[in-house]
Amino acid sequence: MNGRFLCTASWDKTLLLWDIKTGKFRSSGPVILSNGHEGSVSSCVFSKDASVVVSGAYDRTVSIWDTEGECKKLTLKGHQDWVMDVAVSTDKNWILSSSKDCTIRLWNIQKSDHIRAVIETRRVMGLKIIQCEECQKPFCISQLIDADVITTCVFCRLASPTRNIFPSPPFS
């Protein structure tokens, strides 16, 4: 929980994001983050600014989620048993995970946007990768969104004193 959202991990392999500040979940239900794990989700934590959720699961993986885009950004593999707990650094460059295999792993995800497997996964998911006009780092957006409308990554948009309000994506 971060003051606005509550995230719950579930045996059904999903995470649920509840907007408790606005109470929006009462009318439309929680946001469901799925297809991130092949096993039950055992733990989850928000980044300090709530733009990222990190989850650990019985499938021995750690997943990193973009809460604004409601999609998985990255899966980290390396534990030999289920992931019991996860943490994320304030700057979101480091993930810490602990496992039933009696190991703790510290993951540097600062350069994750340059990993070939991450780029290919995003393409398969219907995401396109563009370069941020401000920080010059690559980031992904939905194929449905016009790249001329969104030209900066979520981190630069959040850091901006005047956040832009973007139009809703077109619905068929």
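Notes on the structure follow. (Residues numbered from 1 in each chain as written. Predicted model: local features only at pLDDT ≥ 70, side-chain atom pairs only at ≥ 80, totals over all residues. Heavy atoms only, no water.)

This paragraph deals with the nonpolar core. As a rule of thumb, soluble globular proteins bury nonpolar side chains together. Val52, Val54, Val62, Ile64, Leu74, Leu76, Val83, Val86, Val88, Ile95, Trp107 and Ile109 together form the largest nonpolar core, which totals 12 residues. Secondary structure elements with two or more residues in this core: strand E5 (52-57), strand E6 (61-66), strand E7 (71-77) and strand E8 (83-88). Per-element tally for this core: the top contributor is E8, with 3 residues. In contact with Val54, other than residues within four places in its own chain, are Ser43, Cys44, Val45, Val62, Ser63, Ile64, Val86, Val88 and Ile95. Core analysis: the second largest hydrophobic core is formed by 9 residues, Cys7, Leu15, Leu17 and Val41 among them. (Core = buried A, V, L, I, M, F, W, Y, C linked by side-chain atoms within 4.5 Å. Buried < 20%, exposed > 50% of the residue type's maximum accessible area, 1.4 Å probe, protein only. Helix = DSSP H or I, 4+ residues; strand = E, 2+ residues; numbered from the N terminus. Contact = heavy atoms within 4.5 Å.)

This part is about the pairing of E6. Within E6, 6 of the 6 residues are buried, which leaves the element mostly enclosed by the surrounding structure. Where burial is concerned, the two faces of E6 agree: the one with Thr61, Ser63 and Trp65 and the one with Val62, Ile64 and Asp66 are both buried. As paired strands, E5 and E6 are joined by 5 bridges and run antiparallel to one another. Residue pairing across strands places Val53 opposite Trp65, the latter belonging to E6. Here E5 hands over to E6 after 3 residues, with Arg60 in that stretch at a positive phi of 70°. Pairing of E6 with E7 involves 6 bridges; the strand directions are antiparallel. Each residue of the ladder has a partner; that of Ser63, found in E7, is Thr75. Hairpin geometry of E6 and E7 is characterised by an intervening segment of 4 residues between the two adjacent antiparallel strands and by a positive phi of about 55° at Glu70. (Pairing = 2+ DSSP bridges.)

With respect to the element layout, Thr152 can be found in the loop between strand E12 (138-142) and helix H3 (154-159). In this structure Thr152 comes out as buried when scored by relative accessible area, which is 11%. Residues in contact with Thr152, not counting those within four places in the same chain, are Cys132, Glu133, Glu134, Phe139 and Arg157.

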